[in-house]
Amino acid sequence: RRLPVEPLVDKMEEGLAKRVDAHRIQQVLGRDLVQYGFVQDVLHKTLFEKGYEPENLKSAVVVRLARTLSMGIAQNEMQALLQDAPKVSMGEIVEAVEFTAALKQAGEPFLEAKEITLVGLQNGFFTRTAWNLPLMVSAARTNHLPEDEIKIAALEVVKGNKTVLEAHAGLGLDPKSL
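All of these numbers come straight from a predicted model, not from anything done at the bench.

Asker: Please clarify how the overall build of the chain should be interpreted in this entry.
Answerer: Tallying secondary structure elements over the chain gives nine helices and zero strands in all. Mapped in sequence order, the helices and strands of the chain form the string α-α-α-α-α-α-α-α-α. By its C-alpha atoms, the chain is 50 × 40 × 25 Å across when sized along the principal axes. Going through the 178 residues of the chain one by one, you find that 45% of them count as buried. Once local pairs closer than 6 in sequence are excluded, the contacts in the chain between residues at least 24 apart make up 70%. If you sum the accessible surface of the chain, you get close to 9500 Å²; carbon and sulfur atoms cover 51% of it.

In structure tokens, the structure reads:
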């Protein structure tokens, strides 16, 4: 198994420069190695079975996907999302997983975040700028809007029927909150 080395070396150098205890650095590197290994395994179980080329897998993809595990995506959630994802570019896949993590951070439950993300993948949403949508979801939740209205608005955006700004205004939210 070929795991990304450069981010591990960077993290070790950063820890040493900050005079972090060697045992703590070792713990962090161990956790990262486990996450990288999980990501590689889940990619093999999901995407590579759909015809993605393993030799095209760059270490940056593994690192970015592993970071989403620290952003709120659980391992089983990542696996479920990748399993159900349509065949799109690897860049779109990574953006979609990061986007799902951002939706979860905005308070969206995983199943709704996954549904919104999958519709976005099917409609080419991740080939465009997608990052204002989690801000809209967060603003809507902060204003205690009903779950179904938030989900409907998000789906309209990822289907390409509305811009984020149009959906944001349609929810009665202040455009300045984006």
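Asker: In this structure, what is going on with the packing of helix α5 (residues 90-105) against helix α6 (residues 110-122)? I would like to understand it.
Answerer: Axis angle and axis distance: for two packed helices, these are the angle between their axes and the distance between the axes, and together they describe the pair. Direction vectors running N to C along α5 and α6 enclose 150 degrees, while the axes themselves pass 9 Å from each other. Every pair of crossing elements has a handedness; the one defined by α5 and α6 is right-handed. On the side of α5, the interface is formed by E92, A96, F99, T100, L103 and K104, while α6 contributes F110, A113, I116, T117 and L121. Grouping the amino acids of the contact of α5 with α6 by side-chain chemistry returns seven nonpolar, two polar and two charged.

Asker: Please clarify how the nonpolar core should be interpreted in this entry.
Answerer: A general tendency of soluble globular proteins is for nonpolar side chains to be buried together. If you look at the biggest cluster of nonpolar residues, it comprises 55 residues, and the most contacted ones within it are V39, L43, M78 and L133. Going through the elements one at a time, α2 (22-45), α3 (59-68), α4 (75-84), α5, α6, α7 (132-142), α8 (147-158) and α9 (164-170) are the ones with two or more residues in this core. No other element matches α5, which puts eight residues into this core. Ignoring anything within four residues of it in the chain, the contact list for L133 reads F99, I116, F125, A154, V157, V158 and V164.

Asker: Help me understand the pattern of salt bridges in this model?
Answerer: Should their charged atoms come close, side chains of opposite charge can pair. For the structure shown, the criterion picks out 10 salt bridges. A salt bridge links K18 to E14; its shortest N-O distance comes to 2.9 Å. A relative accessible area of 56% means that K18 is categorised as exposed. One salt bridge in this structure joins E115 and K151, with 2.7 Å as the shortest N-O distance. Placement of the pair is E115 in helix α6 and K151 in helix α8, with a sequence separation of 36 residues. Three or more residues joined by partner-sharing salt bridges are found here, namely K11, R31 and D32.

What counts and how
Residues numbered from 1 in each chain as written. Predicted model: local features only at pLDDT ≥ 70, side-chain atom pairs only at ≥ 80, totals over all residues. Heavy atoms only, no water. Helix = DSSP H or I, 4+ residues; strand = E, 2+ residues; numbered from the N terminus. Buried < 20%, exposed > 50% of the residue type's maximum accessible area, 1.4 Å probe, protein only. Contact = heavy atoms within 4.5 Å. Areas by Shrake-Rupley, 256 points an atom, 1.4 Å probe, with all protein chains shown as cover. Axes fitted to C-alpha atoms, helices over the stretch in contact; angles between N-to-C directions. Left-handed = near helix turned anticlockwise from the far one by under 90°. Nonpolar A, V, L, I, M, F, W, Y, C, P; charged D, E, K, R; others polar. Core = buried A, V, L, I, M, F, W, Y, C linked by side-chain atoms within 4.5 Å. Salt bridge = Lys/Arg side-chain N within 4 Å of Asp/Glu carboxyl O.

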